[in-house]
Amino acid sequence: PSISPVAWSTFATGTDASRHNIYDFLTRDPCSYAPMLSSSDIRAVPKTLNLGLAEIPLGTKFVYRSLQKSQPFWKLLGDTRVWSSIIRVPITFPPQPFKNGVLLSGMCVPDLQGTQGSFSFYSTKMRPAGVKIGGQQFQVVLRKGRIESNLVGPTGKDGHHLKCPFVVELDEKTRKARITLGTETVEVGAKEYTPWLVAPFGGVQGIVRFYVQTWAESEFELYATPVQIDPDSPAMPISHPFVYSIYLAKTLGRFGTLGLAEDTWALNERVIDEEAFLKQAWLYFDERKLQLFDALEKTKKGFVTVVFDTSDRVSHMFWRTLDPTHPANVGKEVERWKDVVQSTYAKMDELVGEVVAKLGDDPKTMLMVISDHGFTNFRRGVNLNTWLKENGYLCLKAGHETSADWFAHVDWSRTKAFTLGLTGLFINRKGREAEGIVEMRELDALCRELKSKLEALRDPATGEPVIREVFLTRDIHDGPYADAAPELLIGYHEGFRHSWDCATGSVTTEVFTDNTKSWSGDHCVDPRLVPGVFYCDRKPLVASPALIDIAPTVLDLFGLEIPAYMQGRALFADGTERRSKPGRGADVAPSPHEHVHSRPGNH
């Protein structure tokens, strides 16, 4: 699937999803059908001191573990004393120890609340009744130019969220807002971000930026980024070794640590505007650029990789401006932002030029620029749970015609298939799901029946075909984790994707809806429609490189044997790749479906 956690796991391990165990951002807990992050298990549990006679509560602690299987190629490099600097590669949280290297975790690092990003919004206006935003919204009172409120932090020992007070003082003469948080006070104007400020929550601290979104007469709106783990005093490990994030913070300054740092949801909910989003995105870019050049400076010999998310986030949020008829343009400014996507790629190209100049013409240095996917239009959402209900494959409990998020009203005793996340459709299998009803002897016929019907699906508004191909994972993946995978992967045509409601496991009244959110570009389609890029200062000997080839290529370039479990090819080898022993990866060419993991987006 052309989805970031899957693709970057393939980049790291040189294997397909059935070997690294990541098929999507989300999967379901087969014991409860509840949603789970595919990549990591993060939860807060009571922290107690067991004295034998009694357990004394000491608050809570985070428990976290990686769900990614196989092993990243930098671990194999480290075992042979090749140094690696790995910065912000997705699906590296929690950071796994390895020899001879440093790592700063990327996608899936939580905020201090343990979520994947919960912003806060403070407004003097009354919140409209029934309107909810993806985050925390507070009505504040402006008294004599002063506002007082709180940031919400992690859960305390009493089970409630800890709070950190802050004060905003408005100076109408200078048009500056003076914000005091903890022991720090800063001044900013309207449409201006603060630097990172430390938010103390008892014995734990996080970092946050504030942004004055609106300041007009008695109206005032203040946005706060999700409270992120402080890299200078991390509440949980976000780097390997633990002190690496502290080193970066002390030498380069504090930086954002949240896995999905650019706040796409705040823009989706129109809590911030496009200007605020872009300013935030380029602040993160500047932080990453400092980390890249620091890694290049410190890594005299070995391997360096740094992931920049900017082009991905901008493409997601501004793709609508490339399509004047996009439904997400209604009520939003278009002309001002029509060149943002192109100008972002121009700026990324400038960065590549700076790296080339930094590296010089050393014949022992190789530069690759790769991406995990490309992009296409996302105009129409498709709720396959609703389609499954209409076609008798998913059933709701008596008295319900629709179902809220996370299958709230699904009758599992009569349901054969369901979906959540962005790519996969699961069969409610007996013996695997808690209330599974589909026997193994029925599985193949059911999957092929669904494939046939879904590939015939057309948009009633236009008559366009919706799904280019449905892939049956049993046909293309044979790794040790294939049994836990969704049985079907949905390869949409351009313009279509799982709807927002479908992604959260809900059942709605309509199968098709217009996508009106700012998130208007996407890549969760047939992966052949959104190939990525591969640029290199040496010509590869293999045509059509794929992301699955990068791990074996790096190992080969450093003179290491390529493990037999890796399925990719060494791009600069003459066909006699060094492998530790014969195996599927050594003597069987991967299927075309296993070689579509190289895409533009996160560079």
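Residues numbered from 1 in each chain as written. Predicted model: local features only at pLDDT ≥ 70, side-chain atom pairs only at ≥ 80, totals over all residues. Heavy atoms only, no water.

Asker: Let's hear about the sheet that holds strand β15 (residues 210–216): which residues, and what values?
Answerer: Strand order in this open sheet of four strands is β8-β7-β16-β15, and the pairing throughout is mixed. Each having just a single partner strand, β8 (136–139) and β15 make up the two edges of the open sheet. Averaged over all adjacent pairs, the angle separating strand axes in this sheet is 15°, with direction ignored. Strand direction decides the pairing type here: strand β7 (residues 120–123) and β8, joined by four bridges, are parallel. Of the residues in β8, the one forming a bridge with Tyr-122 is Phe-138. (Pairing = 2+ DSSP bridges. Helix = DSSP H or I, 4+ residues; strand = E, 2+ residues; numbered from the N terminus. Axes fitted to C-alpha atoms, helices over the stretch in contact; angles between N-to-C directions.)

Asker: Residues and numbers for the packing of helix α4 (residues 243–252) against helix α6 (residues 274–298), please.
Answerer: Interaxial distance between α4 and α6 falls to 11 Å at its minimum, and their mutual angle equals 105°. What the angle tells us is that α4 and α6 run roughly perpendicular. Along its contact with α4, which presents Tyr-247, Leu-248 and Leu-252, the element α6 presents Leu-290, Gln-291, Asp-294 and Lys-298. For the contact of α4 with α6, the residue count by class is four nonpolar, one polar and two charged. (Parallel < 35°, antiparallel > 145°, perpendicular 65-115°, else oblique. Contact = heavy atoms within 4.5 Å. Nonpolar A, V, L, I, M, F, W, Y, C, P; charged D, E, K, R; others polar.)

Asker: Lay out the pairing of β7 in plain terms, naming residues and giving numbers.
Answerer: Of the two faces of β7, the one lined by Ser-120 and Tyr-122 and the one lined by Phe-121 and Ser-123 are each fully buried. Sheet analysis places β7 next to strand β16 (residues 219–224), joined by four bridges and oriented antiparallel. Note on β16: the bridge partner recorded for Ser-120 is Ala-224. (Buried < 20%, exposed > 50% of the residue type's maximum accessible area, 1.4 Å probe, protein only.)

Asker: Explain unusual backbone geometry to me, using residue names and the numbers behind them.
Answerer: With omega at -5°, the peptide bond leading from Phe-93 into Pro-94 counts as cis. Along the chain, the position of Pro-94 falls in the loop between β5 (84–87) and β6 (101–104). Of the consecutive residues His-240 and Pro-241, the connecting peptide bond is found in the cis state with omega at -10°. Relative to the helices and strands, Pro-241 is located in the loop between β18 (239–240) and α4. Even without glycine at this site, Tyr-33 takes up a positive phi of about 65°. Assignment of secondary structure puts Tyr-33 in the loop between β1 (26–28) and β2 (35–37). Note on Tyr-33: relative accessible area 3%, which makes it buried. With phi around 60°, Arg-270 is a residue other than glycine that occupies positive phi space. Topologically, Arg-270 is positioned in the loop between α5 (264–268) and α6.

Asker: Before we move on, could you go through the pattern of salt bridges and cite the residues and values that matter?
Answerer: Taken as a whole and assessed by the stated rule, the structure comprises 49 salt bridges. Measuring nitrogen to oxygen at the nearest pair gives 2.9 Å for the salt bridge that ties Asp-230 to Arg-254. Within this pair, whereas Asp-230 is found in the loop between β17 (228–229) and β18, its partner Arg-254 is found in the loop between α4 and α5, the two being separated by 24 residues in sequence. Three or more residues are tied together by salt bridges with common partners; here these are Arg-28, Arg-429, Arg-432, Glu-433, Asp-483 and Glu-487. (Salt bridge = Lys/Arg side-chain N within 4 Å of Asp/Glu carboxyl O.)

Asker: Can you explain the packing of aromatic side chains? Please cite residues and give values.
Answerer: Tallying each qualifying case throughout the model produces 27 aromatic pairs. Relative to Phe-138, the ring of Tyr-122 has its centre 5.2 Å away and its plane inclined at 15°; by these criteria the two rings are stacked. One end of the pair, Tyr-122, is in strand β7; the other, Phe-138, is in strand β8, and 16 residues separate them in sequence. Overall, Phe-138 belongs to the partly exposed group, its relative accessible area being 26%. An angle of 50° between the planes, with centres 5.0 Å apart, marks the rings of Phe-166 and Phe-210 as tilted. One end of the pair, Phe-166, is in strand β10 (residues 161–171); the other, Phe-210, is in strand β15, with 44 residues separating them in the sequence. Considered together, Phe-166 and Phe-210 belong to a single accessibility category, that of buried residues. Here the aromatic residues Trp-8, Phe-11, Phe-73, Trp-74 and Phe-303 are joined through ring pairs into a cluster of three or more. Stacked on the ring of Trp-215, the Lys or Arg Arg-175 has its end atom at 4.1 Å from the ring centre. (Phe/Tyr/Trp six-rings, centres within 6.5 Å; stacked < 30°, edge-to-face > 60°. Lys NZ or Arg CZ within 6 Å of the ring centre and 35° of its normal.)

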